[in-house]
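# Observations on the model geometry
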Amino acid sequence: MEGEDFARVDWWGAELDGVTFVRCRFDDASLEELVTRRCVFEQCVLTGVRLSGSRHHGSAFLSCRFDRAKLVDVTWDGCKLTGSQFPGAQLRPMTATECDWSYANLRGADLAELDLSRQRLREADLSDADLRGSDLTGADLDHARLQSAKLRGADLRGASTEGVNWRSVELTGVRLDVVQAVAFASAHGAVVGD
């Protein structure tokens, strides 16, 4: 389906399998408890959509807008959310397993206490995001923007952090591995040696 308007549609509890939506609108749609399998939403607008309790398996939400979306208790399993934007969206609690959030705009998002371990967040914008207490172990954070992100209590051990601007990150109370600690110290002018 391409260019369709599904504004205010009520698909509560619906199941979609293998459906593709391109440049469709779902403004203020009621999609609670929706289940998608291998579906594609490309450049779709989901402003004010209610997706609480929905489950998505192997689906892709590519360059979509989730402005003010309610994504409470959503399960993302093997999904791609690359390039999508989430301004004002409610994202927690949620469950995400082996998902790709690369290039996503999560600026200012409340992601506190979430398990984001092993998530791909390459070049994601996490500026001003609340990541306090989040588990980011083994995540791909290469070139992610973390300026002014709240990280106290977050666990970054084993996360890939190439290209992260450590000068802009406050790490009080953050768990790091040795490689990350050396990168942070070097970024702040320390001479690290034997």
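The structure under discussion appears in the preceding block.
Just so you know, these numbers come straight off a predicted model, no measurement behind them.

The N-cap of helix 1 (residues 178-187), judged by a side-chain oxygen 3.3 Å from the amide nitrogen of V179 a few residues on, is D177. Of the residues one or two after helix 1, G189 is the one with positive phi, at around 90°.

A few words on the nonpolar core. Ranked by size, the top nonpolar core spans 58 residues in total, and within it F26, W76, F86, W101 and L131 carry the most contacts. At the level of elements, strand 7 (74-77) and strand 8 (94-97) are the ones that each hand at least two residues to this core. Among residues more than four places away in sequence, those in contact with W101 are W76, L81, F86, M94, A96, L106, Q119, R120, L121 and A124.

On to the sheet that holds strand 5 (residues 55-57). An order of 1-3-5-7-8 is seen for the five strands of this open sheet, with the pairing classed as parallel. This sheet does not close on itself; its edge strands, each paired only once, are strand 1 (15-17) and strand 8. Pairs of neighbouring strands in the sheet enclose a mean axial angle of 5°, with direction left out of account.

Before going further, it helps to spend a moment on the pairing of strand 7. Burial of strand 7 is one-sided: the residues V74 and W76 facing one way are buried, the residues T75 and D77 facing the other way are not. Here strand 5 pairs with strand 7 via three bridges, running parallel. When the bridges of strand 7 are listed, H57 appears paired with D77. Where strand 7 and strand 8 come together, four bridges link them in parallel fashion. Paired with V74 across the bridge in strand 8 is M94.

A side chain with one charge may pair with a side chain of the opposite charge, provided their charged atoms come close. All told, the structure shown has 15 salt bridges when counted by the stated rule. A salt bridge links E32 to R50; its shortest N-O distance comes to 3.4 Å. Placement of E32 in the loop between strand 2 (20-22) and strand 3 (35-37) and of R50 in the loop between strand 4 (40-42) and strand 5 is noted, with a sequence separation of 18 residues between them. Assessed through its relative accessible area of 18%, E32 is described here as buried. In this structure, the salt-bridge partner of D142 is R122, at a minimum N-O distance of 3.1 Å. Separated by 20 residues along the polypeptide, D142 in the loop between strand 8 and helix 1 and R122 in the loop between strand 8 and helix 1 bring together distant segments of the chain. Connected via shared salt-bridge partners are D100, R120, R122, D140 and D142.

A cis geometry characterises the amide bond from R92 onward to P93, with omega recorded as 0°. In this fold, P93 is placed in the loop between strand 7 and strand 8. Of note, E113 is a non-glycine position whose phi angle comes to about 65°, a positive value. Position of E113 among the secondary structure elements: in the loop between strand 8 and helix 1. Even without glycine at this site, D128 takes up a positive phi of about 65°. Within the secondary structure, D128 is located in the loop between strand 8 and helix 1.

Moving on, we get to the environment of W76. With respect to the helices and strands, the residue W76 is situated in strand 7. Distance in space between the C-alpha atoms of W76 and T95 is 6.1 Å, their sequence separation being 19 residues. If near-sequence neighbours (up to four positions away) are discounted, W76 is found in contact with H56, F61, L81, M94, T95, A96, T97, C99 and W101.

Quick notes on the rules
- Residues numbered from 1 in each chain as written.
- Predicted model: local features only at pLDDT ≥ 70, side-chain atom pairs only at ≥ 80, totals over all residues.
- Heavy atoms only, no water.
- Polar contact = N/O pair within 3.5 Å; in protein donor to acceptor, adjacent residues only side chain to side chain.
- Helix = DSSP H or I, 4+ residues; strand = E, 2+ residues; numbered from the N terminus.
- Core = buried A, V, L, I, M, F, W, Y, C linked by side-chain atoms within 4.5 Å.
- Buried < 20%, exposed > 50% of the residue type's maximum accessible area, 1.4 Å probe, protein only.
- Contact = heavy atoms within 4.5 Å.
- Pairing = 2+ DSSP bridges.
- Axes fitted to C-alpha atoms, helices over the stretch in contact; angles between N-to-C directions.
- Salt bridge = Lys/Arg side-chain N within 4 Å of Asp/Glu carboxyl O.

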